[in-house]
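# Notes for the structure review
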Amino acid sequence: MDVNGTVAEGFEPVREAFVRNFEVLGDRGAAVAVYRDGRLVVDLWAGTKDVDGTADSAPWERGTAQIVRSATKGVAAAALLLLHQRGLLDLDAPVGEYWPEFKAVGKERVLVRHVLSHRAGLPVLDRPLTPEEALDPLRGAEAVARQALVWEPGTDHGYHALTYGWLLGELVRRVTGRGVGDWIAEEIAGPVGADLWVGLPAAEAGRVGRSGRVEAPGNAGGLRSRPKRSVAEAYDDPASLTRRAFAAITPFPDQNDPAYRAASLPATNGIATAEGLARFYASLVGEVGGGPRLFTSETLAAARAEESAGPDQVLVINTRFGLGYMLHGSASPFLDAGSFGHPGRGGSLGFADPESGIAFGYVTNGFSKTVTADPRAQALVRGVRAAL
């Protein structure tokens, strides 16, 4: 395997894990980046830009980007937390205070805090959106405003797989007057110099490879985990909250469609380089390359303080959430107890661990069946742990 890039002395275990991901775990094209205390210590890429590439296909290059699915949620959450940090948004205010139409059908008690911690009680849409409707920046918000609660807000938690994006995006629009993708570009990605987008500009389209499904070979060394029967049954049952949450757009759009990539769906369609994703998380906890530190110590503490824990009504496993971020745990292991971040369904992962100064980003063009803890990303995390 021809691996490009560099690793700092002591971080060789990450490179070894990265090579093994291609040789054993089915990666076709991928990149991993790690910052420590604001310094880039791992910057690796390999394979082909497109998942269906052959030996003659364009190689993955430094700067190749991929869609990161729900790893987008961690980037989008920073928008609300920064608005709170700037005094423009109260986390304990009702959503309807900023978005009056949202109060329909008994949602007056949904707080901004509930949106970030997946406690809003709105993981599904009774009438799913079509792909065409989902690309309209207003249709998703209108559908969520009409939707009735599944549970009393704040009393339970369940992963808002798609509705999270419309809830968060509309709050940003109501508070700032700007679309969430534009706000992220101007207030987060631009200032810190991170190659990441929620709504891909046409000028960057050539950097993004085609993604698709991959299967790890049968000799994956026991790293592939099969879902428990109850989890598999929940995904198979059309009436379950699990199935309905992930079907809030039906059928799900082609993620290689330029129109989908150009839309602003802050729950699912962010696009990033591995270095950009790692740089974003490094900037939450410290300065990188002279850029600003985004989170104050108070905001950082709020982001990773446990808000939700235990059985997840949608994912049907035990999950832990802070404000907008998954927290280290069995469902999505990061580096250590204080780590916070977000995986993307099928592979990608970004997180920060303030205690060790580590910020991590992994992107791939090959999506597996995993939802929160992909074996390839976990192998790389173990490599980081071995280097510390």
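Here's what I pulled together on the structure shown here. In this text, all values refer to a predicted model and were calculated from it rather than measured experimentally.

Another aspect to go through is the packing of helix α2 (residues 72–85) against helix α8 (residues 180–192). Between α2 and α8, the least distance of the axes is 10 Å, while the angle of their chain directions is 75 degrees. With respect to α8, the axis of α2 lies roughly perpendicular. Contacts between α2 and α8 pair V75, A76, A78, A79, L82 and L83 from the former with W183, I184 and I188 from the latter. Taken together, the residues of the contact of α2 with α8 sort by class into nine nonpolar, no polar and no charged.

On to the packing of aromatic side chains, then. One pass over the structure, following the stated rule, counts 12 aromatic pairs. Summarising the aromatic geometry, the rings of W99 and F102 are spaced 5.0 Å apart at their centres and angled 40 degrees between planes, so their arrangement reads as tilted. Here W99 matches F102 in class, with each residue buried. Where F252 meets Y260, the ring centres are 6.1 Å apart and the plane angle is 65 degrees; that geometry is what we call edge-to-face. Overall, Y260 belongs to the buried group, its relative accessible area being 1%.

With that settled, consider the side chain of E187. With respect to the element layout, E187 can be found in helix α8. A polar contact of 3.1 Å, which involves the side chain of E187, links it to the side chain of R178. Residues within four places of E187 in sequence aside, it is in contact with R86, R178 and L294.

Next up on the list: the nonpolar core. By size, the foremost hydrophobic cluster in this structure holds 85 residues, and its most contacted members are L284, F295 and Y325. Among all residues touching L284, those that are not within four sequence positions of it are A78, R293, L294, F295, Y325 and F340. Counting residues in hydrophobic clusters, the runner-up holds 42 residues, among them V3, F246, L335 and F351.

Another aspect to go through is the sheet that holds strand β5 (residues 196–197). With antiparallel pairing, the three strands of this open sheet are ordered in space as β4-β7-β5. Unpaired on one side and paired on the other, β4 (66–67) and β5 mark the two borders of the sheet.

On to the pairing of strand β12 (residues 349–353). Among the five residues in β12, five count as buried, and that is most of the element. Burial of β12 is two-sided: the residues L349, F351 and D353 facing one way and the residues G350 and A352 facing the other way are all buried. Inspection of the sheet shows strand β11 (residues 340–343) paired to β12 by four bridges, in the antiparallel sense. Looking at the pairing, H342 lines up with G350 of β12. Sheet analysis places β12 next to strand β13 (residues 358–364), joined by five bridges and oriented antiparallel. Counted as the bridge partner of L349 is Y362 from β13. Between β12 and β13, which follow one another and run antiparallel, lie four residues, and G357 among them has a positive phi close to 75 degrees.

In this section: the environment of G329. Of note, G329 is situated in the loop between β10 (326–327) and β11. Residue classification places G329 among the partly exposed positions, given a relative accessible area of 22%. Sequence separation of G329 and F340 is 11 residues, and the distance between their C-alpha atoms is 9.9 Å.

Okay, the environment of P94 next. Along the polypeptide, P94 turns up in the loop between α2 and α3 (95–98). We classify P94 as partly exposed; its relative accessible area is 29%. On a C-alpha basis, the gap between P94 and E108 in space is 6.6 Å, while along the polypeptide they are 14 residues apart. In this view, P94 contacts E108, V110 and L111; residues no more than four positions away in its chain are not counted.

Calculation criteria
Residues numbered from 1 in each chain as written. Predicted model: local features only at pLDDT ≥ 70, side-chain atom pairs only at ≥ 80, totals over all residues. Heavy atoms only, no water. Axes fitted to C-alpha atoms, helices over the stretch in contact; angles between N-to-C directions. Helix = DSSP H or I, 4+ residues; strand = E, 2+ residues; numbered from the N terminus. Parallel < 35°, antiparallel > 145°, perpendicular 65-115°, else oblique. Contact = heavy atoms within 4.5 Å. Nonpolar A, V, L, I, M, F, W, Y, C, P; charged D, E, K, R; others polar. Phe/Tyr/Trp six-rings, centres within 6.5 Å; stacked < 30°, edge-to-face > 60°. Buried < 20%, exposed > 50% of the residue type's maximum accessible area, 1.4 Å probe, protein only. Polar contact = N/O pair within 3.5 Å; in protein donor to acceptor, adjacent residues only side chain to side chain. Core = buried A, V, L, I, M, F, W, Y, C linked by side-chain atoms within 4.5 Å. Pairing = 2+ DSSP bridges.

So far we have only geometry, and geometry alone does not tell us how the molecule works.
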